[in-house]
Amino acid sequence: MPAVSKGDGMRGLAVFISDIRNCKSKEAEIKRINKELANIRSKFKGDKALDGYSKKKYVCKLLFIFLLGHDIDFGHMEAVNLLSSNKYTEKQIGYLFISVLVNSNSELIRLINNAIKNDLASRNPTFMCLALHCIANVGSREMGEAFAADIPRILVAGDSMDSVKQSAALCLLRLYKASPDLVPMGEWTARVVHLLNDQHMGVVTAAVSLITCLCKKNPDDFKTCISLAVSRLSRIVSSASTDLQDYTYYFVPAPWLSVKLLRLLQCYPPPEDAAVKGRLVECLETVLNKAQEPPKSKKVQHSNAKNAILFETISLIIHYDSEPNLLVRACNQLGQFLQHRETNLRYLALESMCTLASSEFSHEAVKTHIDTVINALKTERDVSVRQRAADLLYAMCDRSNAKQIVSEMLRYLETADYAIREEIVLKVAILAEKYAVDYSWYVDTILNLIRIAGDYVSEEVWYRVLQIVTNRDDVQGYAAKTVFEALQAPACHENMVKVGGYILGEFGNLIAGDPRSSPPVQFSLLHSKFHLCSVATRALLLSTYIKFINLFPETKATIQGVLRAGSQLRNADVELQQRAVEYLTLSSVASTDVLATVLEEMPPFPERESSILAKLKRKKGPGAASALDDGRRDPSSSDINGGVEPTPSTVSTPSPSADLLGLRAAPPPAAPQAPSGAGNLLVDVSSDGPVAQPSLGPTPEEAFLSELEPPAPESPMALLADPAPVADPGPEDIGLPIPEADELLNKFVCKNNGVLFENQLLQIGVKSEFRQNLGRMYLFYGNKTSVQFQNFTPTVVHPGDLQTQLAVQTKRVAAQVDGGAQVQQVLNIECLRDFLMPPLLSVRFRYGGAPQSLTLKLPVTINKFFQPTEMAAQDFFQRWKQLSLPQQEAQKIFKANHPMDAEVTKAKLLGFGSALLDNVDPNPENFVGAGIIQTKALQVGCLLRLEPNAQAQMYRLTLRTSKESVSRHLCELLAQQF
Amino acid sequence: MEIRFILIQNRAGKTRLAKWYMQFDDDEKQKLIEEVHAVVTVRDAKHTNFVEGQARSRDHERNEEPNVLAPLCPARWVWAYPVTDSLSAPQFRNFKIIYRRYAGLYFCICVDVNDNNLAYLEAIHNFVEVLNEYFHNVCELDLVFNFYKVYTVVDEMFLAGEIRETSQTKVLKQLLMLQSLE
């Protein structure tokens, strides 16, 4: 094959390049360049018209100078002139110059566009390609406006050459990405899809990219591509290694095209058509089978090309997450790669396995490789491989292996690269908390973290351990003992002093019985660190000291001495000074009772998403591997935050506990009355809240608890609902409803429309209507982010016997929900017989690559099928008497939760579904109602009576129905509404 | 699948080809070139051919004259973890470099973090084999003296950030046809 000789064509250019290369210094180079620029300028300005060759040569020199990093401020016009040359070499240099050096000179753009237009119309495939490449390289809006309409035509024209089609497809892709509004969809779209069938594999290769991009925005318009892609893929995968000739690369048929087709398929859910799906599964199996065959070549190119397809196949299998057999096979294949001698393969296998770990079909299979992965963490030479190993350990962690994984990660931490230490610390902290069976292990782990990598233990981590210790009284004594021991070390990390100071200040009394850790010993141990610490830590220790005065009166004199010392009272730091002054005064003027109240043990912290998890998510960004969104893969761990009481709320929806200070949500067990006299001290004894207590942290006034409750996480990720934990790892894979589900459900007992759920990502609205035993419900899912949700699948599930009681038909919704868009889902509901439990609505989707799931209770309660019945007083009393069996009646006496307004009550009862009967009850304050619950199998007559007692702020609610369970259930539902 | 840029650099960090498929300003380009060189040259055969970095797109307030190149996605590359305000720029963009070394030259392709590593690794090799055939035992100097032809080779094989043509036979046939034109 004839080769290109060096610098052929333009001798002057070659000479110039050689000159530049021979320059000994930067100055010499600049001198040579300036000389050349002057020369070119004079040529361009000269009277003599330059021939095409010279123009090309000088423009090319200018380009070279620009690429060396020098500014070029002339020559554009000459370059544009070259575009209209009819010699290829001149045109090519002109286009190259424009592509590299285009500027916003609008006059020039008009000329350029003119030249492009001519070339596109030239019917000369070489010129057409040059023009198309220029548009694709520049991709500006002006070009889009000029050509977006022409290019689709060129793409699908019957007489376009293959190479022109290839370029047109990608040119269109570029314009679409830059300005989607300029590219009109039209009848050409269908023909583009059919390019997947094109004879020329290069055309298919280019077209797949275009289709993949277009179908993301318009999945329905391009749906037909699924079956075409599958059949194309199938033909490639099943072809022999030589069938595709030009497109066989090291015995692998069309590896890049295969990868692109597999990626296109990942834009869609599994094919609905059984035949297509069968064919696709066959393809995937073939790829997995081929991985086991002996290689056809020892060359790394062969195995890379083959494995490129294999990894993309595994990605598709993971994307579908519906074929347990394939998932497990994929896992086994990756398992083999974990020990491969190629570092690349080990790295990719670890990475891919990380996503497999979050599928419950393959989670167990992934776990079997734990030893290999631990070994990788210890021995891999490339830090990025070790990082992947750490990620995978994190992803495969569950209760069964948490201790092993945490201890290996701790060991790794001692030698870990600085760049990833903080992340490892966060991961260890999260795993230790999440899978803690006994909390002493958790405390040990966190203290170890501080010991090994104290600098990398962020506030979130040590705040968290304090929260947990505060909330769990079974670990407080152990924690006190352990920090006391840890503080004995001659050099301990400042974070240890902080944790130790806080814990001893709260729970030092629990170990004070032991003479080795008597109060004076505890105090002098802490105080021995005091002078080495930062202001923030010293401030915290001062708070510990005042707490000690309350816990251990015998230390009072010593501590007052410390507070009184000039170094504190006149400290240059205003925070320390203020604390010293206030604490000293407090300890002197307040009675023991007041002290005991003011300095009482901290109340439990309201539970919410672990701040550490939020931090890790922030670090990783929304693109973070699904490894961070755990929960669903560990059926045994039902409470994600490690079972910290009181409620393992994992969703940060605005709830009372979202109150920044958390005071109102978790009042101390006995809200003490503030004795007068203490009110002017540092404690704000406001009337409506419980008494605030001095925190141990830096700023007593502003942030009593907020120090330990970092402000609500900022990034959108941090506010995400964690996937709900799994109730039963059955095939349905539906998580438990979120903790607020009952509350949300209650809001809809008496109304049919409204917002059912809302968090940072998603809003779910409901509109429903019911008639007889039938109902129709519209669910509106709104994507509140600007990012598309993928694999969006809402499903309705009937727990327990509900299937026989209620029939709910749902329509599928689009798998993609664009940012800011809303999709609607219609549910047709039929009540077959009376039921107690509402159906569950499970919503799953991927946001920024991370799987999200959420389970709510669908607002369908038995009272929705109420038919109001009007009746006269005597009829009512007669029926009331008929339903006099004890089990037919349900009664509840309860306190009013809302103001007792008769109109509101009326509206609620009507919303509940019963008719309201006037002039029945002799007491006009009372409400009486009647109705019939309509189900397919039976009807249940219901009578109700609600007696408000305004004085006592109480209600008595009585239900009588022909069915015991219905009476009780209606009574419960209704009682929560007032 | 989207290539952000293709870089060919020698061991000393001299750029032999830079092909950008995304809008970067000149400073960003220079920074990227230096950073790629810094991370790639310290790696050896025991390392993978992949380097993940975290790039972070910033919504520059661009109130300049309307640019011919509408910024597709102004991005700033930050190798270390972003340290500052996640509030003002909540969007993170993940890139990675797939590279392969041939003698003294590093061929680097920057792609999305979830792109197929091995496919691009072999795309590099495919490209190098085409260059080798076209320039008959290609060496660094061929790329220097024929820089304008290298762009043609690139455009035949990669366009708009996508793989355009993978058949070496077809690409070389086309290149020789172009070579024969005046």
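A quick note: this is a predicted structure, and the numbers were derived from the prediction, not measured.

**Regarding the overall build of chain A**
- Scanning chain A from N- to C-terminus turns up 39 helices and 16 strands.
- The buried share among the 978 residues of chain A stands at 58%.
- When the accessible area of chain A is evaluated, it comes to approximately 39,500 Å², of which 51% is carbon and sulfur surface.

**Examining the packing of helix H2 (residues 117–134) of chain B against helix H5 (residues 168–180) of chain B**
All names here are of chain B.
- Where H2 meets H5, the axes come as close as 10 Å, and the angle between the chain directions of the two elements is 40°. Judged on the interaxial angle alone, H5 and H2 are oblique. Handedness of the H2/H5 crossing: right-handed. Between H2 and H5, the contacting residues are Asn126, Glu129, Val130, Glu133 and Tyr134 on the first element and Gln168, Val171, Leu172, Leu175 and Gln179 on the second.

**Some words on the sheet that holds strand E3 (residues 754–758) of chain A**
Residues and elements named next belong to chain A.
- A sheet is described by the order of its strands in space; here five strands give the open sequence E3-E4-E5-E8-E7, paired in antiparallel fashion. Two strands bound the open sheet, and with one partner strand each, they are E3 and strand E7 (806–810). With strand direction ignored, the average angle separating the axes of adjacent strands in the sheet is 25°.
- Note: strand E4 (residues 762–771) against strand E5 (residues 774–783), ten bridges, orientation antiparallel. Bridging across to E5, Lys767 finds its partner in Tyr778.

**Here we look at the packing of helix H4 (residues 76–83) of chain A against helix H5 (residues 88–101) of chain A**
Residues and elements named next belong to chain A.
- Where H4 contacts H5, the two axes come as close as 7 Å, and the packing angle between them is 135°. With respect to H5, the axis of H4 lies oblique. The element H4 and its partner H5 pack so that their crossing is left-handed. Listed contacts from H5 to His76, Ala79, Val80, Leu82 and Leu83 of H4 are Glu90, Lys91, Ile93, Gly94, Tyr95, Phe97, Ile98 and Leu101.
- Across the contact of H4 with H5, the residue classes break down as nine nonpolar, two polar and two charged.

**Some details on the confidence of the model for chain B**
Residue and element names in this part refer to chain B.
- Per-residue pLDDT for chain B averages 79, and the proportion of residues at 70 or more is 76%.
- Across chain B, the secondary-structure element scoring lowest on mean pLDDT is strand E4 (residues 75–78), at 28, and the one scoring highest is strand E7 (residues 158–159), at 98.
- Of the regions scoring below 50 in pLDDT, residues 54–93 engages in 96 contacts with residues more than four places distant in sequence or in other chains.
- On the interface metric, ipTM, the complex scores 0.84, and its pTM is 0.67.

**What to know about the pairing of strand E16 (residues 954–961) of chain A**
All names here are of chain A.
- A large share of E16 lies buried, amounting to six of its eight residues.
- Where strand E12 (residues 889–895) meets E16, seven bridges bridge the pair, whose relative direction is antiparallel. Along E16, the bridge assignment pairs Ile893 with Arg956.
- As paired elements, strand E15 (residues 939–949) and E16 share eight bridges and run antiparallel to each other.

**Section: the interface of chain A and chain B**
- Contacts between the two partners involve 90 residues from chain A and, on the opposite side, 72 residues from chain B.
- Carbon and sulfur atoms supply 57% of the area buried between chain A and chain B, which totals about 7,000 Å² over both sides.
- Glu162 of chain B is paired through a salt bridge with Lys177 of chain A; the nearest N and O atoms lie 3.8 Å apart.
- At the boundary of chain A with chain B, the tally comes to 29 residue pairs in polar contact (both at pLDDT 80 or more).
- Taken together, the residues of the side of chain A that touches chain B sort by class into 41 nonpolar, 28 polar and 21 charged.

**Here's the deal with the packing of aromatic side chains**
All names here are of chain A.
- All chains considered together, the criterion is met by 34 aromatic pairs over all chains.
- Within the aromatic cluster, the residues linked to one another by ring pairs are Tyr781, Phe789, Phe792, Phe845 and Tyr847.
- Here Lys91 stacks its cationic end above the ring of Phe127, 4.5 Å away from the centre of that ring.
- The ring of Phe748 is capped by Lys751, whose NZ or CZ atom sits 5.2 Å from the centre of that ring.

**Thoughts on the sheet that holds strand E10 (residues 850–857) of chain A**
Residues and elements named next belong to chain A.
- The strand order across the open sheet formed by three strands is E6-E9-E10, and the pairing between neighbours is antiparallel. Since the sheet does not close on itself, it has two edges, and those belong to strand E6 (789–797) and E10, each with one partner. Geometrically, the sheet is characterised by an average inter-axis angle of 15° between neighbouring strands, direction not taken into account.
- Bridge analysis of strand E9 (residues 840–847) against E10 gives eight bridges, and the strand direction is antiparallel. Its bridge partner lying in E10, Val843 is registered against Leu854.

**Quick look at the pairing of strand E14 (residues 927–934) of chain A**
All names here are of chain A.
- Across the eight residues of E14, seven count as buried, placing the element largely inside the fold.
- Two strands pair when backbone bridges link them, and strand E11 (residues 866–868) and E14 are joined in this way by three bridges, in the antiparallel orientation. The residue of E14 that forms the bridge with Gln867 is Ile932.
- Relative to E14, strand E13 (residues 915–916) runs antiparallel, the two sharing two bridges. Note that in E14 the partner of Leu916 across the bridge is Gly929.
- Bridge count for E14 against E15 is eight bridges, and the pairing is antiparallel. For Ile932, the partnering residue across the bridge sits in E15 and is Gly941.
- Between E14 and E15, which follow one another and run antiparallel, lie four residues.

About the cut-offs
Residues numbered from 1 in each chain as written. Chains lettered and ligands numbered in written order. Predicted model: local features only at pLDDT ≥ 70, side-chain atom pairs only at ≥ 80, totals over all residues. Heavy atoms only, no water. Helix = DSSP H or I, 4+ residues; strand = E, 2+ residues; numbered from the N terminus. Buried < 20%, exposed > 50% of the residue type's maximum accessible area, 1.4 Å probe, protein only. Areas by Shrake-Rupley, 256 points an atom, 1.4 Å probe, with all protein chains shown as cover. Axes fitted to C-alpha atoms, helices over the stretch in contact; angles between N-to-C directions. Parallel < 35°, antiparallel > 145°, perpendicular 65-115°, else oblique. Left-handed = near helix turned anticlockwise from the far one by under 90°. Contact = heavy atoms within 4.5 Å. Pairing = 2+ DSSP bridges. Nonpolar A, V, L, I, M, F, W, Y, C, P; charged D, E, K, R; others polar. pLDDT = per-residue confidence, 0-100. Buried area = accessible area lost by both parts, 1.4 Å probe. Salt bridge = Lys/Arg side-chain N within 4 Å of Asp/Glu carboxyl O. Polar contact = N/O pair within 3.5 Å; in protein donor to acceptor, adjacent residues only side chain to side chain. Phe/Tyr/Trp six-rings, centres within 6.5 Å; stacked < 30°, edge-to-face > 60°. Lys NZ or Arg CZ within 6 Å of the ring centre and 35° of its normal.

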